[in-house]
Amino acid sequence: METVAVAAVLGFLLLTAAGGSAGDEAREAAAVRELLVRLLGPGPAAAFSVSVERALAAESGLDTYRLSGGGVGARVRVLGSTGVAAAAGLHRYLRDFCGCHVAWSGSQLRLPQPLPVVPEELTEATPNRYRYYQNVCTQSYSFVWWDWARWEQEIDWMALNGINLALAWSGQEAIWQQVYLALGLTQTEIDEYFTGPAFLAWGRMGNLHTWSGPLPRSWHLKQVYLQHRILDRMRSFGMIPVLPAFAGHVPKALTRVFPQANITQMGRWGHFNCSYSCSFLLAPEDPLFPMVGSLFLRALTKEFGTDHIYGADTFNEMQPPSSEPSYLAAATAAVYQAMIAVDPDAVWLLQGWLFQHQPEFWGPAQVGALLGAVPRGRLLVLDLFAESQPVYVRTASFQGQPFIWCMLHNFGGNHGLFGALESVNRGPTAARLFPNSTMVGTGMTPEGIGQNEVVYALMAELGWRKGPVADLGAWVVGFAARRYGVSHGDAEAAWRLLLRSVYNCSGEGCRGHNRSPLVRRPSLQMVTDVWYNRSDVLEAWRLLLTATPALASSPAFCYDLVDVTRQAVQELVSLYYEKVRTAYLNKELVPLMRAGGVLAYELLPALDKVLASDSHFLLGSWLEQARVAAVSETEARFYEQNSRYQLTLWGPEGNILDYANKQLAGLVADYYAPRWRLFTETLAKSLVQGIPFQQHQFDKNAFQLEQTFVLSTKRYPSQPQGDTVDLAKKLFLKYYPRWVAGACDRLSTLGPCFPQIPGLGRFPGPGARQASQEFPRPG
């Protein structure tokens, strides 16, 4: 594509949110000042001066901030071209000048006194128009039970990290209910259509209907209230909220009201039968299409206003009824035409996951038909998984349509240390320099949040960098120092090990979806291969424990100690599983019982206790969020069951079993551990009786355990119990020697096999030697 055409596309997108009155500037500055007070308190916040002036970005048209001042008796001056830019500038000052850290798991905000001077006036402009945030799935995997207090924290985090474009999809079912009633559907038909709260993301994308519903009336009221507050706060910072639009999916009941309508039933999705999937898609040429689309968008924008960017996904993980380019073009054009019939300035935000998910269907002709059906510059594509499988490369930069380079990173909201930091670091610059690139921004599109914060810190920073971080090792050391509020050699060494191991995944096979045996239904065919050296994780664990005398007062450090301990146990589970499988295949009952007993009766209960010591790893907190969202005990039980299903079976028959697995205290003890006990006992029984292990029968028995957990009403603690450091040390002392002993012989020439750890002492060699016969060598 010619350079002039590229410039025209970018120019249009720059205009979509340009301008703004002096009143907008004042409102955005006030929003950042209020954020400062929430973050630091009124006293420290008074040491900052915040203002917003559009003229600061007059030359580039891109978000810009300027920092100056500080020192004895002088205020730090933060100037931004938008509220988001000012908040990002504030974050830059807190991070780089004060050594502070803002994170989901807790912030470290100890300000030096006096506040450091900005030695020279610092002006920074972002290299791209947009910094995007969210995946449609995030709404269900992470946000579903949030109240306003939690949303307020998240929007503050978004502003500080420079996010200026994000989904705002709460409350849309209340609007759809109005539309469906106006079209002649009954309330019963509408109730039968909507999914339960924990599965709304897939209802919105047409993958599911009905499952785990219906939605209570109170749900609609609360979500509309939340949406108003979310939109008001996002707009107060100058963010652009992305509202939903009609993608073509309709309830089956519409065929009763309009029997002549041209409606196609789609195929199954996610191992669900047609009771819950096989959605109905309105034909693009049917006169009902623009009617339904305009009714919805008109009602939505009347209720919530608009910022002219709308999201819609017609073929998410679903094969279209036809591969004919003419059909795909018509289906795409119909969605867009329904938007501009209500909002002539509409821009369509499309998740590009469909191209990545079904590349065999989306050939050049099909991709071209979809992308070409919307005027250039009016379709904004999210290259959703660009850190691993970028689509812009094989579609000639989406054939001229603007796109956002996105890091997906996490699937299902799983716990598990994971990242492709080198790919993330270099990816945006490579996309920007791609021939005739139409890249207009960077984005973070995880299915679930609240994990691997180092990955998101880097990605947010890259939204303001014109090139990659030169030295990721030095960067991660600085990250750790800010996170804990102090530099510590052992903590730094631990983070360098994590960087070169769990955070160094590369290639198209990198997916942040935890498939560890710990969180999967056991079988004899489980894969335990990893892309890193497990010894690095165990050594990082040791180093963090070594640092505990100096760092244990840091909440972020204790969180990381739990997380790394959790990861170390995950590695140990894989290795004990290998011993269980080997013993069974060799028909060795005693080794099988020994390894299986350690795994199911010692290791997992010990992990559950460590997780219980931190508020971020509690099943009780997870379920309590759901219960608190209810207005009655009946509703609370319904919401809790929704949450339990999502964490485990994901469907009535384990349809997407363990996709959204988490490692939470309570879930490990009452869901994962019982499965492993059953597996070990079944294998042992098989050897004793001389009967081959029957996976199918085991799956049936395991399903009974899984379903029992989902239907249980057992309450779990929502407050942490126990001392993290003490519990992690006990677990370490028991299992680390068994791990390291396998390598003791070949390492003995390099020094003592077991290093000294403050507060722990040195491990004795003879005990480890005995343990080496029980535990596999490190790999």
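Our structure's up above, just so we're on the same page.
Residues numbered from 1 in each chain as written. Predicted model: local features only at pLDDT ≥ 70, side-chain atom pairs only at ≥ 80, totals over all residues. Heavy atoms only, no water.

A. Broad picture of the overall build of the protein. Across its full length, the protein holds 31 helices and 15 strands. For 779 residues, the compact-globule estimate of 2.2 N^0.38 gives 28 Å, and the C-alpha radius of gyration of the protein, at 27 Å, lies within 12% of that figure. For the protein, the spread of C-alpha atoms along the three principal axes comes to 80 × 70 × 55 Å. Out of the 779 residues in the protein, the part that is buried amounts to 62%. Taking the intrachain contacts of the protein between residues at least 6 apart in sequence as the baseline, contacts between residues at least 24 apart amount to 76%. Surface accessibility of the protein: about 28300 Å² in total, with carbon and sulfur atoms responsible for 53%. Averaging the coordinates of the 65 positive side-chain charges in the protein and doing the same for the 66 negative ones gives two points 5 Å apart. (Helix = DSSP H or I, 4+ residues; strand = E, 2+ residues; numbered from the N terminus. Rg over C-alpha atoms; globule rule 2.2 N^0.38 Å. Buried < 20%, exposed > 50% of the residue type's maximum accessible area, 1.4 Å probe, protein only. Contact = heavy atoms within 4.5 Å. Areas by Shrake-Rupley, 256 points an atom, 1.4 Å probe, with all protein chains shown as cover. Lys, Arg positive; Asp, Glu negative; His and termini not counted. Charge placed at Lys NZ, Arg CZ, Asp CG, Glu CD.)

B. Spotlight on the layout of surface pockets. Quantified by volume, the largest pocket comes out at close to 1200 Å³. Along the walls of the largest pocket sit 47 residues, with Trp104, Trp146, Arg150, Gln153 and His616 positioned nearest its centre. Counting residues per element, the ones that place at least two in the lining of the largest pocket are α2 (22-40), α5 (138-141), α6 (148-160) and α25 (619-628). When residues of the lining of the largest pocket are assigned to their parent elements, the largest contribution, 8 residues, is made by α6. When grouped by side-chain class, the residues that make up the lining of the largest pocket number 22 nonpolar, 15 polar and 10 charged. If you add up the space inside the second largest pocket, you get close to 730 Å³. Lining the second largest pocket we find 39 residues, and of these His513, Asn514, Arg515, Ser516 and Val527 sit closest to its centre. If you list the elements that add at least two residues to the lining of the second largest pocket, you get α23 (555-585) and α28 (695-711). The leading source of residues in the lining of the second largest pocket is α23, at 4 residues. (1 Å grid on protein atoms, 1.4 Å probe; cavity = no way out; pocket = protein on both sides within 12 Å on 5 of 7 lines; lining within 4 Å. Points joined across faces, edges and corners; volume = space filled by probe spheres on them. Nonpolar A, V, L, I, M, F, W, Y, C, P; charged D, E, K, R; others polar.)

C. Seen up close, the packing of α2 against helix α4 (residues 83-97). Between α2 and α4, whose axes approach to 8 Å, the crossing angle comes to 35°. At the point where α2 passes α4, the crossing takes the right-handed sense. Within the contact between the two elements, α2 uses Glu28, Val32, Leu35, Leu36 and Leu39 and α4 uses Gly83, Ala86, Ala87, Leu90 and Leu94. (Axes fitted to C-alpha atoms, helices over the stretch in contact; angles between N-to-C directions. Left-handed = near helix turned anticlockwise from the far one by under 90°.)

D. Structural context of the nonpolar core. Of all hydrophobic cores here, the largest spans 267 residues; its most connected members are Tyr133, Trp202 and Trp650. At 16 residues, α23 tops the list of elements feeding residues into this core. What Trp650 contacts, discounting residues up to four positions off in sequence, is Tyr141, Phe199, Trp202, Leu208, Trp211, Trp269, Phe272, Tyr645, Ile656, Tyr659 and Ala660. (Core = buried A, V, L, I, M, F, W, Y, C linked by side-chain atoms within 4.5 Å.)

E. Expanded view of the sheet that holds strand β8 (residues 249-250). Strand order in the open sheet formed by 3 strands is β8-β10-β9, with antiparallel pairing between adjacent strands. The two strands at the open ends of the sheet, each matched to only one other strand, are β8 and β9 (263-265). Where β9 meets strand β10 (residues 280-282), 3 bridges bridge the pair, whose relative direction is antiparallel. Each residue of the ladder has a partner; that of Ile263, found in β10, is Leu282. (Pairing = 2+ DSSP bridges.)

F. The arrangement of empty space enclosed by the protein in detail. Within this structure, the stated rule accounts for 7 cavities of 30 Å³ or more. In this structure, the largest cavity encloses a volume near 260 Å³. Lining the largest cavity are 21 residues, and of these Gln172, Trp176, Tyr193, Gly203 and Arg204 sit closest to its centre. Listed by contribution, the elements that provide at least two residues to the lining of the largest cavity are α7 (172-183) and α9 (200-204). With 4 residues, the top contributor of residues to the lining of the largest cavity is α7. Of the residues assigned to the lining of the largest cavity, the class counts are 12 nonpolar, 6 polar and 3 charged.

G. View of a nonpolar patch on the surface. Where nonpolar side chains cluster on the molecular surface, the patch consists of Leu589, Met593 and Val688 and spans about 260 Å² of accessible area. As for its position among the elements, Met593 is in helix α24 (residues 589-611). Classification of Met593 as partly exposed rests on a relative accessible area of 42%. (Patch = residues over 30% accessible without salt bridge, like charges linked within 9 Å, V, L, I, M, F, W, Y side chains within 5 Å. Salt bridge = Lys/Arg side-chain N within 4 Å of Asp/Glu carboxyl O.)

H. Molecular detail of unusual backbone geometry. Residue Pro114 is bonded to the preceding Gln113 through a cis peptide linkage, with omega at -5°. Mapped onto the secondary structure, Pro114 falls in the loop between α4 and β4 (122-125). Of note, the amide linkage connecting Gly213 to Pro214 takes the cis form, showing an omega dihedral of 0°. Among the structural elements, Pro214 can be located in the loop between α9 and α10 (217-236).

On their own, these measurements won't tell you what the molecule is for.
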